[in-house]
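Descriptive structure summary
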Amino acid sequence: MDSSSSDNNPRLCQATTRNDVVTPCPFPSRAGSRFCRSHAREYAVSAERFQFASAAVFRLQSQALTDEAQLEGLQTFDELEAAVRTTDNYSRGAREEIEERRSHGRRFNVDGESS
């Protein structure tokens, strides 16, 4: 087989269909991309969502109660309440980030991607 036969067979989009993470997209990928036009846009939005969640978690991490020494440093009940609220937000944000990354990975067939 010569290389011209591969030129007549465009590579298919590497995303999966919206409701089924097993069924591949039937459309050809765009030149220089792993995805068709529609999935390339969706990929960018999905990556932005988990990166936004990741940035929020990173900002809260230093304020969240993650060890006993931090608890001992609190002086007032108000400080404790604020630290607990921040820790709750950190925990929710971390769960959101994990789910966004998993969803992105399933939809776009990526493993350990850091986009």
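What this report covers is the structure whose coordinates are included nearby. All values derive from a computational prediction rather than experimental measurement. (Residues numbered from 1 in each chain as written. Predicted model: local features only at pLDDT ≥ 70, side-chain atom pairs only at ≥ 80, totals over all residues. Heavy atoms only, no water.)

1. Thoughts on the packing of aromatic side chains
Evaluation of the coordinates by the stated rule reveals three aromatic pairs. Between Phe 35 and Phe 108, the ring centres sit 5.3 Å apart and the planes meet at 75 degrees, which makes this aromatic pair edge-to-face. Residue Phe 35 is found in the loop between β2 (20–24) and α2 (37–61), and its partner Phe 108 is found in helix α4 (residues 77–108); the two are separated by 73 residues along the sequence. Under the relative-accessibility criterion, Phe 35 is labelled buried at 5%. An aromatic cluster is present here, built from Phe 35, Tyr 43 and Phe 108 joined pairwise through their rings. Positioned above the aromatic ring of Phe 108, the side-chain terminus of Arg 107 is 6.0 Å from the ring centre. (Phe/Tyr/Trp six-rings, centres within 6.5 Å; stacked < 30°, edge-to-face > 60°. Helix = DSSP H or I, 4+ residues; strand = E, 2+ residues; numbered from the N terminus. Buried < 20%, exposed > 50% of the residue type's maximum accessible area, 1.4 Å probe, protein only. Lys NZ or Arg CZ within 6 Å of the ring centre and 35° of its normal.)

2. Looking at the side chain of Arg 107
Take Arg 107: it is sitting in helix α4. Separated by 3.4 Å, the side chains of Arg 107 and His 39 make a polar contact. Not counting residues up to four positions away in its chain, the partners in contact with Arg 107 are Ala 15, Thr 16, Thr 17, Arg 18, His 39 and Glu 42. (Polar contact = N/O pair within 3.5 Å; in protein donor to acceptor, adjacent residues only side chain to side chain. Contact = heavy atoms within 4.5 Å.)

3. Focus: the environment of Thr 23
Tracing the sequence through the fold places Thr 23 in strand β2. The class of Thr 23 is partly exposed, set by a relative accessible area of 34%. Along the sequence, Thr 23 and Arg 107 sit 84 residues apart, while their C-alpha atoms lie 10.0 Å from each other. Setting aside residues up to four positions removed in sequence, Thr 23 forms contacts with Thr 16 and Thr 17.

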